[in-house]
Amino acid sequence: MKEIKVLSVTSEIYPLIKTGGLADVAGALPAALASEGVRMRSLVPGYPAVISALTTATSIVRFADLFGGPARLLAGKSGDLDILALDAPHLYNRPGNPYLQRDGTDWPDNAQRFAALSFVAGWLGQGQVGRWRPDIVHAHDWQAALAPLYMKFGEKAHAKSVLTVHNLAFQGRFAAGLMQELQIPPSAFTVQGVEYYGDISFLKGGLQSADHITTVSPTYATEILSPAMGMGLDGVLNQRARDLSGILNGLDGVAWDTATDPYLPVRYKSNAVQNARRRNRQALQERLGLRPDPDAMVLGVISRLSEQKGLDLLLEILPQLLAENIQLALLGAGDAILQQGFARAAAAYPSAIGCAFNYDEPLAHLIQGGADAFLVPSRFEPCGLTQLAALRYGAVPIVSRVGGLADTIIDANPVALAAGVATGIQFGPTEAAPLMAAIRRAVTLWRDPKIWRKIQANGMATDVSWKRSAHLYAKLYADLINN
Ligand code: ADP
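What counts, and where the lines are drawn
- Residues numbered from 1 in each chain as written.
- Predicted model: local features only at pLDDT ≥ 70, side-chain atom pairs only at ≥ 80, totals over all residues.
- Heavy atoms only, no water.
- Helix = DSSP H or I, 4+ residues; strand = E, 2+ residues; numbered from the N terminus.
- Buried < 20%, exposed > 50% of the residue type's maximum accessible area, 1.4 Å probe, protein only.
- Axes fitted to C-alpha atoms, helices over the stretch in contact; angles between N-to-C directions.
- Parallel < 35°, antiparallel > 145°, perpendicular 65-115°, else oblique.
- Contact = heavy atoms within 4.5 Å.
- Nonpolar A, V, L, I, M, F, W, Y, C, P; charged D, E, K, R; others polar.
- Domains from an automatic or database assignment.
- Buried area = accessible area lost by both parts, 1.4 Å probe.
- Polar contact = N/O pair within 3.5 Å; in protein donor to acceptor, adjacent residues only side chain to side chain.
- Near = heavy atom within 4 Å.
- Areas by Shrake-Rupley, 256 points an atom, 1.4 Å probe, with all protein chains shown as cover.
- Pairing = 2+ DSSP bridges.
- Core = buried A, V, L, I, M, F, W, Y, C linked by side-chain atoms within 4.5 Å.
- Left-handed = near helix turned anticlockwise from the far one by under 90°.
- Right-handed = clockwise from strand over helix to strand, strands pointing away.
- Expected span 1.5 Å × (residues − 1).
- Bend = angle between axes of the 7 residues up to and from the residue.

Quick look at the environment of L311
Move 1: Looking at the secondary structure, you find L311 in helix α11 (residues 311-323).
Move 2: Using a relative accessible area of 1% as the deciding quantity, one classes L311 as buried.

The following block contains the structure:
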């Protein structure tokens, strides 16, 4: 079979630059797809962290003026990743978060910054740069969503395109007055193109232009067709429903491996879980200043603090958790009000509530390796990665029944328990009372070690790797090329 050449276009890629799950997916896909006969190169903005991570770099094309300044495209390697870095200092040479200024507001030129990324992707997709021409341009989220549009409205023959929606809540909406500056053809400013209530919507432009659309779980692919979950794009998505499918994310098996994890005080394999996890649990309690109480169930959370993640509900039920002798180990950053709420609770009950409000990879691993249960109470969740890591590490997931959470966890209901297949606990709707009921159910199960260990073992045996999904992406690419 002929090798399929794919250009992945992404605003983040692990381990170079990451704010969330998108980076994990973009970082893991190239290796996962290699064994499927797919060669993936990743086009990413040349943020300082990206440029400095390149071990080799050759300039393959220069732009005298790319949306306001000179730029060049660097082809290089970083580890096993094959990177095309868009080195445009006027757009990307800034420290910190890729999307936000220090004060937490968007960079004022985000339209130019991510249109430039998509514009260059469109060029590559039309075979205009050097000799390398991809068969498929695979764009991720709104930041890359204009790539399919630039190709569709361009004049040259072009690669097939896939747009993956990792989170429909972020759409890239900007003033219509930018059309010319962003070099979007005027003919694209229609309902069938990039126009959205009189503005430009990058994501809508991509949804209308891509040959195929995927989301990161089958359930989310269905949910977003409804007005309740469609974030204002359900109409467009329904029109494109024939070309929309869900492919679950996998978990990076190298970064998340209990046997080799450098951040775990005690590493473990599936045959020696309990002792190792008990000691990791002690280390976690110590790290967050929690009481070293073996009778308290430790509940872990690793999350962006945002409305989406439902953590306001957790705040609401904290007094009830304390009454049940549950300890909370929370790692999260984001919304200031939520952060204040948890900080206040931690100050009032330091021996039961431990929080860290930064980005902390080592602590994330310690929570997965030491917490008894792991909570993801999202209002919507396109796929979710933390519950996959929790499964693999043996922290039993408690999740709301939405999106990828619904697709990846088998609820410990009586039938699943009797059949011996449960891997966690699900609840719905995403409200405080069902959440508390789910946690109570978890505590009851946790107090019965035999049952709990079975649920934990089932989770650890669940295949959360990229294998199946990589195969589905490869098949999708092949189908697009052959049609
Ligand atoms: P989302 O992309 O919506 O934020 P996901 O569950 O898909 O949520 O991915 C989140 C990723 O970011 C996971 O790999 C998780 O471990 C990581 N993560 C989130 N917050 C933090 C943090 N404060 N410190 C370290 N890792 C974090």
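A short note on the packing of helix α1 (residues 21-34) against helix α19 (residues 467-482)
Move 1: Where α1 contacts α19, the two axes come as close as 9 Å, and the packing angle between them is 75°. For the element pair α1 / α19, the angle class is roughly perpendicular. Counted together, L29, A32 and L33 of α1 and A470, Y473, A474 and Y477 of α19 form the full contact between these two elements.
Move 2: When grouped by side-chain class, the residues that make up the contact of α1 with α19 number 7 nonpolar, no polar and no charged.

Remarks on the domain arrangement of the chain
Move 1: We note that the domain assignment places domain 1 (4-250 + 467-482) and domain 2 (274-461) within the chain.
Move 2: Taking only C-alpha atoms into account, the centre of domain 1 sits 33 Å from that of domain 2.
Move 3: For the pair domain 1 and domain 2, the summed buried surface comes to about 1300 Å²; carbon and sulfur atoms form 63% of the total.
Move 4: For the pair domain 1 and domain 2, the interface holds 5 residue pairs in polar contact (both at pLDDT 80 or more).

Points about the site of the ligand
Move 1: Inspection of the region around the ligand gives 15 residues, with G21, D24, R304, K309 and N358 positioned closest.
Move 2: With respect to the ligand, the side chain of R304 contributes an N or O atom lying 2.7 Å from an oxygen atom.
Move 3: In the model, a nitrogen atom of the ligand is placed 3.0 Å from a nitrogen or oxygen of the D360 main chain.
Move 4: For the ligand, the protein covers 91% of the area, taking 570 Å² as the surface of the free molecule.
Move 5: Looking at the shell around the ligand, the elements that each hand over two or more residues are α1 and β13 (297-305).
Move 6: Top contributing element to the shell around the ligand by residue count: β13, with 3 residues.
Move 7: Taken together, the residues of the shell around the ligand break down into 4 nonpolar, 6 polar and 5 charged.

Topic: the environment of A336
Move 1: Tracing the backbone shows A336 in helix α12 (residues 336-348).
Move 2: For the pair formed by A336 and G46, sequence separation is 290 residues and the distance between their alpha carbons is 29 Å.

Structural notes on the pairing of strand β7 (residues 160-165)
Move 1: Most of β7 is tucked away, with 5 of its 6 residues classed as buried.
Move 2: Sheet topology note: the strand β6 (residues 136-140)/β7 ladder contains 5 bridges and is parallel. Opposite H138, over in β7, you have V162 as the bridge partner.
Move 3: Note that β7 and strand β11 (residues 212-215) share 4 bridges and pair parallel. Along β11, the bridge assignment pairs L163 with I213.

Let's talk about the nonpolar core
Move 1: Residues L43, L182, I184 and F202 are the most contacted members of the largest nonpolar core, which totals 74 residues.
Move 2: Here the element with the most residues in this core is helix α4 (residues 110-125); it accounts for 9 residues.
Move 3: Once residues lying within four places of it in the same chain are set aside, the contact partners of L43 are L7, S8, V9, T10, L73, L84, L117, V120, A121 and L124.
Move 4: Core analysis: the next-biggest nonpolar cluster, separate from the first, contains 39 residues, L311, F342, F427 and M436 among them.

Overview of the side chain of T214
Move 1: You can see T214 is positioned in strand β11.
Move 2: Beyond its immediate stretch of four places on either side in the chain, T214 contacts V162, L163, T164, V165, S245, I247, Y473 and L476.

A short note on the packing of α11 against α12
Move 1: Where α11 contacts α12, the two axes come as close as 10 Å, and the packing angle between them is 25°. Judged on the interaxial angle alone, α12 and α11 are roughly parallel. Between α11 and α12 the crossing geometry is left-handed. Seen from α11, the contacting residues are L311, D312, L314, L315 and L318; seen from α12, they are L338, G341, F342 and A345.
Move 2: Across the contact of α11 with α12, the residue classes tally to 7 nonpolar, 1 polar and 1 charged.

Some words on unusual backbone geometry
Move 1: Cis geometry is adopted by the peptide bond preceding P15, which originates at Y14 and carries an omega value of 5°.
Move 2: Structurally, the position occupied by P15 is in the loop between β1 (4-9) and α1.
Move 3: Across the junction of G428 and P429, the peptide omega takes the value -10°, indicating a cis bond.
Move 4: Its location among the elements puts P429 in the loop between β18 (425-427) and α17 (432-446).
Move 5: Positive phi, normally seen in glycine, also occurs at F67, with a value near 50°.
Move 6: Despite not being glycine, M231 has its phi angle at roughly 50°, a positive value.

Comments concerning the pairing of strand β2 (residues 38-45)
Move 1: In terms of burial, β2 is largely enclosed, as 7 of its 8 residues are buried.
Move 2: Of the strand pairs in this sheet, β1 and β2 are connected by 6 bridges, and their pairing is parallel. In the sheet register, V9 faces β2, and the bridge partner there is L43.
Move 3: Tracing the backbone out of β1, into α1 and back to the parallel element β2 gives a crossover that is right-handed.

A few points about α1
Move 1: The terminal C-alpha atoms of α1 lie 21 Å apart, and with 14 residues this matches the ideal 20 Å at 1.5 Å per residue to within 8%.
Move 2: The sharpest bend along α1 measures roughly 30° and falls at A28, with the proline P30 sitting one to four residues further on.
Move 3: Summarising burial for α1: 11 of the 14 residues are buried, a large majority.
Move 4: Looking at α1, one finds that the buried residues are L22, A23, D24, V25, A26, G27, A28, L29, P30, A32 and L33.
Move 5: Looking at the buried residues of α1, the elements they touch are β2, β5 (81-87), β6, α5 (141-144) and α19.

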